[in-house]
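Chain residues, written in single-letter form:
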Amino acid sequence: MPVVPPRSERTESQAIAPSHRGVKDLAVKSRVAERIADLADKTASQTKTAVAAGKEGLVRAAEIGRDNVLPELERTGTKFKERTHPDRLKQDYRNYLFWLHEYVLDPPTEQLFFAPTKTRVRLAGLTISGNNREHGHDYRPTPCRLFEWALGAIDYDLSRLTFVDHGAGKGRVLLLAAEHPFQAVGGIEFAEELHDDALMNIQQYPRSRMKCRNVECVLEDASQVGPPEGEAVHYFFNPFSPEVFAEVLNNIVVSYRKRPRRIYLILVDPPQVADLIDNSGVFTRLELPLPQRLKVKLFSPYEVALYRSLA
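Note that the structure is predicted; figures quoted are calculated from it, not measured.

Each helix and strand in the protein chain was counted, giving nine helices and seven strands. Looking at the protein chain residue by residue over its 311 residues, the buried ones come to 38%. Within the protein chain, counting contacts between residues at least 6 apart in sequence, those at least 24 apart form 74% of the total. With the model as given, the accessible surface of the protein chain reaches about 18,800 Å², and the carbon-plus-sulfur share is 54%.

Structure below.
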């Protein structure tokens, strides 16, 4: 007997079963489609939200760049332009030269002084001899190497010359000069406290280094002191105003006209006095020899001017 009934003998429920399965499959597929559609809607919404947030972030970033980054770039550019401006570079290099002399080149000599000479001193508060306080300048130490370069430009027998430092301060230049064979070395200082330091340094300076031991410093206004009668070197590290310099120069010129002789003027960081010297009719400006000129040009924070009398 056949197990499977003939087609005509199947029950109605068995005949319609495939139809029920098809409906069920469609329902499942429909639910899946709905879920996919929901996910698509959520994804689209999230994408829109992300895009909107991204646009908002870009706008915010642009605002930050405009409000903060661009001004900072402008400030940086301005600072860079200032730093690279020729005048700024020149000043920065000059500041480096000050450091070089104070901390590298000067210390071997500075340690020889009893009273330190390297520190600047303001005239305010110092006791001044004479009536030219307002014409005096603050004390500044001459760089030791610079003094040697300036003195090395004099092509003459130093043993025939007297060295005079106008505005001797604490005596640094006096004792640097004393290491050379001058006939005599003299300084003029109008601030009592600086003059006292100069005297202590003269007394304590190592005699083994001094080729000239005839060294003195007087407490006086430079305009009230006449020049030595013999040949001389007059040293000025911009110690006072052009008005006082004119008086000191006049004293030298008057003495020279009475007795023409070899006189040198060394001006370090000279004030505007070139016309005074040129108009005196007594001095001519000398060009520094090439070695000294190069050293001053490259390694001196100050200009140096050298003059010689016509005799």
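Here the focus is the packing of aromatic side chains. Per the stated rule, a full pass over the model turns up 13 aromatic pairs. Arranged with centres 5.7 Å apart and planes meeting at 80°, the rings of F147 and F163 form a pair that is edge-to-face. Of this pair, F147 sits in helix α4 (residues 144–151) while F163 sits in strand β1 (residues 162–166); the two residues are 16 residues apart in sequence, bridging distant segments of the chain. Of the residues examined, F147 reaches a relative accessible area of 1% and is grouped as buried. An angle of 75° between the planes, with centres 6.3 Å apart, marks the rings of F236 and F240 as edge-to-face. An aromatic cluster of at least three residues, connected via ring pairs, comprises Y93, Y96, W99 and Y103.

For the rest of this paragraph, the subject is the sheet that holds strand β3 (residues 215–219). An order of β3-β2-β1-β4-β5-β7-β6 is seen for the seven strands of this open sheet, with the pairing classed as mixed. This sheet does not close on itself; its edge strands, each paired only once, are β3 and β6 (283–286). The average angle at which neighbouring strand axes cross in this sheet is 20°, direction not considered. In this sheet, strand β7 (residues 304–309) lies alongside strand β5 (residues 263–268) in antiparallel orientation, the contact comprising five bridges. Looking across to β7, one finds that L267 is bridged to A305. Helix α7 (residues 242–258) rests against β1, β4 (232–236), β5, β6 and β7 of the sheet, and its axis sits at about 165° to β5.

Mapped onto the elements, N201 comes out in helix α6 (residues 192–204). Classification of N201 as buried rests on a relative accessible area of 0%. Here the side chain of N201 touches A115 through a polar contact of 2.7 Å, landing on its backbone nitrogen. The residues contacting N201, other than those within four sequence positions of it, are F113, F114, A115, T117, K170 and L175.

The next thing to look at is the side chain of S309. Secondary-structure assignment places S309 in strand β7. Here S309 falls in the buried class, since its relative accessible area comes to 0%. Excluding its chain neighbours within four sequence positions, the residues that come into contact with S309 are Y256, R261, R262, I263, V282 and F283.

This brings us to unusual backbone geometry. Unusually for a residue other than glycine, N238 sits at a positive phi of about 40°. Here N238 shows up in the loop between β4 and α7. Under the relative-accessibility criterion, N238 is labelled buried at 14%.

Turning our eyes to something else, we now look at the nonpolar core. Grouped together as the largest cluster of nonpolar side chains are 40 residues, with contacts concentrated most on I154, F163, F182 and I266. Secondary-structure elements contributing two or more residues to this core are α4, α5 (172–177), α6, β3, β4, β5 and β7. In terms of residues, this core owes the most to one element, α4, which gives six residues. Excluding residues that lie within four positions of it along the chain, I266 makes contacts with A150, L151, I154, V233, H234, Y235, F236, A305 and L306.

Moving on, we come to the pattern of salt bridges. Summed over the entire model, instances satisfying the criterion amount to ten salt bridges. Among the ionic pairs, D92 bridges to R88, the shortest N-O distance being 3.3 Å. Of the two residues, D92 and R88 both sit in helix α2 (residues 86–105), four residues apart, roughly one turn of that helix. With a closest N to O distance of 2.9 Å, E179 and R209 form a salt bridge. In this pair, E179 is assigned in the loop between α5 and β2 (184–189) and R209 in the loop between α6 and β3, connecting sequence segments 30 residues apart. Taken together, the shared-partner salt bridges connect D106, E110 and R172 into one network.

Quick notes on the rules
- Residues numbered from 1 in each chain as written.
- Predicted model: local features only at pLDDT ≥ 70, side-chain atom pairs only at ≥ 80, totals over all residues.
- Heavy atoms only, no water.
- Helix = DSSP H or I, 4+ residues; strand = E, 2+ residues; numbered from the N terminus.
- Buried < 20%, exposed > 50% of the residue type's maximum accessible area, 1.4 Å probe, protein only.
- Contact = heavy atoms within 4.5 Å.
- Areas by Shrake-Rupley, 256 points an atom, 1.4 Å probe, with all protein chains shown as cover.
- Phe/Tyr/Trp six-rings, centres within 6.5 Å; stacked < 30°, edge-to-face > 60°.
- Pairing = 2+ DSSP bridges.
- Axes fitted to C-alpha atoms, helices over the stretch in contact; angles between N-to-C directions.
- Polar contact = N/O pair within 3.5 Å; in protein donor to acceptor, adjacent residues only side chain to side chain.
- Core = buried A, V, L, I, M, F, W, Y, C linked by side-chain atoms within 4.5 Å.
- Salt bridge = Lys/Arg side-chain N within 4 Å of Asp/Glu carboxyl O.

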